[in-house]
Amino acid sequence: MKIVALAGGVGGAKLAEGLSQVLPPGDLTVIVNTADDFIHFGLHISPDIDTVCYTLAGIANHEHGWGLEQDTFHVLSSVNNLQGPTWFSLGDRDIATHLERTRRMNNGETLSQVTESFCQTWNIKSKIMPMTDQTVATMVHTTCGRQLSFQEYFVKEKCIPEVKGFSFTGIENAFPSPGALDAIKSAEAVVICPSNPWVSIDPILAVKGYRETLIIPTVVAVSPIIHGKTIKGPAAKMFKDLGYEPTAVAVALHYGELLDGFIIDNQDIEMINDFPIRTIESNIHMRGKKDRRRVAQLVLDFIRNIHNP
Ligand code: FO1
């Protein structure tokens, strides 16, 4: 069963890894948000691409969800001694990824090409592709009138400023990565991972071509909100800041007509009749590898059920 997953960082990576466990090698394509990418110390950092790759390669830091397992922070500590910026924690081995990515991109390789090559090195069997090879940057507009780059908002300011909206700089000149639309057209289904709808999935959908192509396959989403909260990240706070109740229903309404099916947590069972589309409930909290496999299997069974009711 050929599946395309749309993913952001930690939550998306967990389900993508589960899907890679239950699907035959090569049947999974993960299209990853790159609007969190930024240049830091002159290095091209692609946090969500790296989180998805490290997770599928089994080398992600379990505690944080991002970065590499057992990494050290000697470079960051030396930068600190020199009074340089340390708000973004780059591990020593993680820095090698950014150095080599930047070197290759400065030599003319695209982010897709670099990602494909890194995936081969890390022995990742699924296809992981950036949403676009062009530069797109999420800007967070705050109620006090400031405009922050995503990592400034997320890491430096710890998601504290109240949000009034988002914009994606460069989106009008962005195109889907080579092969991304073909993967969607030939997929039996597209899975929207439990990633942040506002800043992980919306940037992907805003790249011209994706939304129109998603009309072709069956599209199912897994709720990133369980019982009014997100497992990780600011999605629930963003819904609140923007004037919505942070619920699984709000997520489904946000995606609207794009969806053919939706999966919510069993803690939200009381709202199961409030959804405008076919919805199932289960335990969707992914604490470890087994959970990711279980939720991925649930997603595939749901898709089969939509295809053969
Ligand atoms: N997130 C943090 O909250 N603090 C950090 O210092 C941090 C460093 C970092 C380094 C490399 C990387 O690939 C990701 C990193 N992240 C960090 C996570 C990242 O900023 C966010 O998870 C994503 O952008 C949101 O999906």
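Scroll up to find the structure.
Now for a look at the structure at hand. (Residues numbered from 1 in each chain as written. Predicted model: local features only at pLDDT ≥ 70, side-chain atom pairs only at ≥ 80, totals over all residues. Heavy atoms only, no water.)

## Some details on the overall build of the chain
Point 1. For the chain, the helix and strand inventory stands at 12 helices and 14 strands.
Point 2. Expressed as lengths along the three principal axes of its C-alpha atoms, the size of the chain is roughly 60 × 45 × 40 Å.
Point 3. Looking at the 309 residues of the chain, the share that counts as buried comes to 56%.
Point 4. Considering only contacts within the chain whose residues lie at least 6 apart along the sequence, 68% involve residues at least 24 apart.
Point 5. Approximately 13700 Å² of the chain is accessible, and the part contributed by carbon and sulfur atoms is 52%.
Point 6. Separation between the mean location of the 27 positive side-chain charges and that of the 34 negative ones in the chain comes to 3 Å. (Helix = DSSP H or I, 4+ residues; strand = E, 2+ residues; numbered from the N terminus. Buried < 20%, exposed > 50% of the residue type's maximum accessible area, 1.4 Å probe, protein only. Contact = heavy atoms within 4.5 Å. Areas by Shrake-Rupley, 256 points an atom, 1.4 Å probe, with all protein chains shown as cover. Lys, Arg positive; Asp, Glu negative; His and termini not counted. Charge placed at Lys NZ, Arg CZ, Asp CG, Glu CD.)

## Some remarks on the sheet that holds strand β7 (residues 147-149)
Point 1. Taken in spatial order, the 3 strands line up as β7-β6-β8 in an open sheet, and their pairing is antiparallel. One side of each edge strand has no neighbouring strand; the edge strands of this open sheet are β7 and β8 (163-169). Averaged over neighbouring strand pairs, the angle between their axes works out to 30° when direction is ignored.
Point 2. Two elements, strand β6 (residues 137-142) and β8, share 6 bridges in a ladder whose sense is antiparallel. Counted as the bridge partner of M139 is S167 from β8.
Point 3. The strands that helix α8 (residues 197-206) touches are β6 and β8; relative to β8, the one it contacts most, it runs at about 40°. (Pairing = 2+ DSSP bridges. Axes fitted to C-alpha atoms, helices over the stretch in contact; angles between N-to-C directions.)

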